[in-house]
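Observations on chain architecture
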Amino acid sequence: MHHMHILKSAAIAAAIGLCASPLLAQEVTLRFQHFVSPASANPTYFMQPWADAIEAQSNGRIKVELYPFMQLGGSAANQFDLIRDGAIDGGWVIPGYQPNRFPEAEALELPFMTSKSGEEASAAAWDFTQAYLMDDFADVHVIAAHMHGPGIVHKRGAPIASIADFDGLKLRGPSRAATLLLEELGATPIGMPVPQFPEALSRGVVDGGVITWEMSPSLKLDELTDSHTDVAGDQALYNLYFIWAMNKNVYEDLPDDLRAVIDANSGMMASKWAGRAHDTGDIVGRDVMAASGNQIAELSAEETARIAAAGQVVTAQWINDMNAKGYDGAALHAAAAAAVAANRTPAQE
């Protein structure tokens, strides 16, 4: 009798389980794509830990698969559309890879706009995004918005010692703001997404380019360039704006409890996390370049001031361009600067 009772309970439990299982055991696999090495900073210190957190906090019900080097297809420049159209579930987007499509985001990319802290710059990026860019990105679900650490000039031959040294150099830039600055400094800017940079260097299409310390090892800049130059002071020569986003329908179709797991790893905390990843990687990348025997240089305060003056020319030009497009360029510039100021850690006295 007792034995039968156990079996019957088991049968009832199984029947209840069958009814509940579609809700309880919702297995979701999200395929996120990016365009860099999995060994570079953002995938190592943000994307993979983020994916692990989503899996852990959903008790394994959401699996996030990360695909480096655009392995699911498409180009780095059209990543936004791949996410919007559902070709992928989510991924990493550099809006600046499509110049003029998301012009307001460029405010954060202007010369000397951000500090050299990726985490601080990313907090500013989230605030600015909430205020100005959500309509631009309405076709996707934005999880985080972030920036990187300082942008460094990497080149063949001796480091940049003065503004005159930019003259005639063919330098890769990531965005419209960066290429405008390089042009104002006297260089010949060549805009290209990061995957194309090493080949352009090895074939002599460019003499160098601007990018972070953290990307340098995976791009083999220890072999492809000889010197690495930063500006003096605590403001970045330029910066780059990124979003981590997912397909809107995929996000909205998740059960409430699983959507809550994504939400718990979104917004300001995720944006700062992504920025911090670049800061962590920058220390590692700089050390790799130094260990290779390459020259690591910093411009003098005087030369940095000359470069900052060129940056002011670029900013004024950008404000005029934005006004011509029907935006309030000065207001956008001021809002970006205010977001940066609000998220700066006060200097230790």
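Before any of the text, the structure's been laid out above.
Scope of this entry: the structure provided in the associated data block. (Residues numbered from 1 in each chain as written. Predicted model: local features only at pLDDT ≥ 70, side-chain atom pairs only at ≥ 80, totals over all residues. Heavy atoms only, no water.)

Right, let's get into the sheet that holds strand β7 (residues 188-191). Spatially, the six strands line up as an open sheet ordered β7-β6-β8-β5-β9-β11, and their pairing is mixed. Each end of this open sheet is capped by a strand with a single partner; those strands are β7 and β11 (295-298). Across the sheet, the mean angle from the axis of one strand to that of its neighbour is 25°, orientation sign disregarded. Pairing of strand β5 (residues 152-155) with strand β9 (residues 227-230), which is carried by three bridges, proceeds in the antiparallel orientation. Across the sheet, the residue bridging to Val153 is Thr229, located in β9. (Pairing = 2+ DSSP bridges. Helix = DSSP H or I, 4+ residues; strand = E, 2+ residues; numbered from the N terminus. Axes fitted to C-alpha atoms, helices over the stretch in contact; angles between N-to-C directions.)

Pairing in this open sheet of five strands is mixed, and the strands run β2-β1-β3-β10-β4 from one edge to the other. Each end of this open sheet is capped by a strand with a single partner; those strands are β2 (62-67) and β4 (140-146). When the angles between neighbouring strand axes are averaged without regard to direction, this sheet yields 20°. The sheet contact formed by strand β3 (residues 90-93) and strand β10 (residues 242-247) spans four bridges and is antiparallel. Each bridged residue has a counterpart across the sheet, and for Trp92 the counterpart in β10 is Trp244. Of the strands in this sheet, β3, β4 and β10 are in contact with helix α10 (residues 268-291), which crosses β4 at around 50°. (Contact = heavy atoms within 4.5 Å.)

For the rest of this paragraph, the subject is empty space enclosed by the protein. Applying the stated criterion to the full structure yields three cavities of 30 Å³ or more. Roughly 140 Å³ of internal volume is contained in the largest cavity. Lining of the largest cavity is provided by 18 residues; of these, Ile94, Ile211, Met215, Leu240 and Phe242 occupy positions nearest its centre. Partitioned by chemical class, the residues of the lining of the largest cavity number 13 nonpolar, three polar and two charged. (1 Å grid on protein atoms, 1.4 Å probe; cavity = no way out; pocket = protein on both sides within 12 Å on 5 of 7 lines; lining within 4 Å. Points joined across faces, edges and corners; volume = space filled by probe spheres on them. Nonpolar A, V, L, I, M, F, W, Y, C, P; charged D, E, K, R; others polar.)

Our next topic: the pairing of β9. Burial along β9 is two-sided: Ser227 and Thr229 and His228 and Asp230, pointing in opposite directions, are all buried. With four bridges joining them, β9 and β11 adopt parallel strand pairing. Paired with Thr229 across the strands is Ala297, a residue of β11. (Buried < 20%, exposed > 50% of the residue type's maximum accessible area, 1.4 Å probe, protein only.)

For the rest of this paragraph, the subject is the environment of Asp263. With respect to the helices, strands and loops of the structure, Asp263 is situated in helix α9 (residues 256-264). When the C-alpha atoms of Asp263 and Val288 are compared, they prove to be 36 Å apart, with 25 residues separating the residues in sequence. Excluding anything up to four places from it in sequence, Asp263 contacts His141 and Tyr251.

What follows is about the pattern of salt bridges. Pairing is possible between side chains that carry opposite charge, provided their charged atoms lie close to one another. As enumerated under the stated definition, the model contains 14 salt bridges in all. Across the salt bridge formed by Lys63 and Glu55, the nearest N and O atoms sit 3.8 Å from each other. On the basis of relative accessible area, Lys63 is assigned to the partly exposed category, the value being 36%. The shortest N-O distance in the salt bridge between Arg306 and Glu303 comes to 2.3 Å. One end of the pair is Arg306 and the other is Glu303, both in helix α11 (residues 301-324) and three residues apart, which spans about a single turn. The class of Arg306 is partly exposed, set by a relative accessible area of 44%. Accessibility expressed as a relative area gives 13% for Glu303, which makes it buried. What emerges from the salt-bridge pattern is a single network uniting Asp81, Arg84, Asp85 and Arg101. (Salt bridge = Lys/Arg side-chain N within 4 Å of Asp/Glu carboxyl O.)

In this structure, Trp50, Tyr241 and Ile262 are the most contacted members of the largest nonpolar core, which totals 80 residues. Ranked by residues supplied to this core, first place goes to helix α2 (residues 41-57) with six residues. Apart from the residues lying within four places of it in its own chain, the contact partners of Ile262 are Leu30, Trp50, Ile54, Ile62, Ile143, Met246, Tyr251 and Leu254. (Core = buried A, V, L, I, M, F, W, Y, C linked by side-chain atoms within 4.5 Å.)

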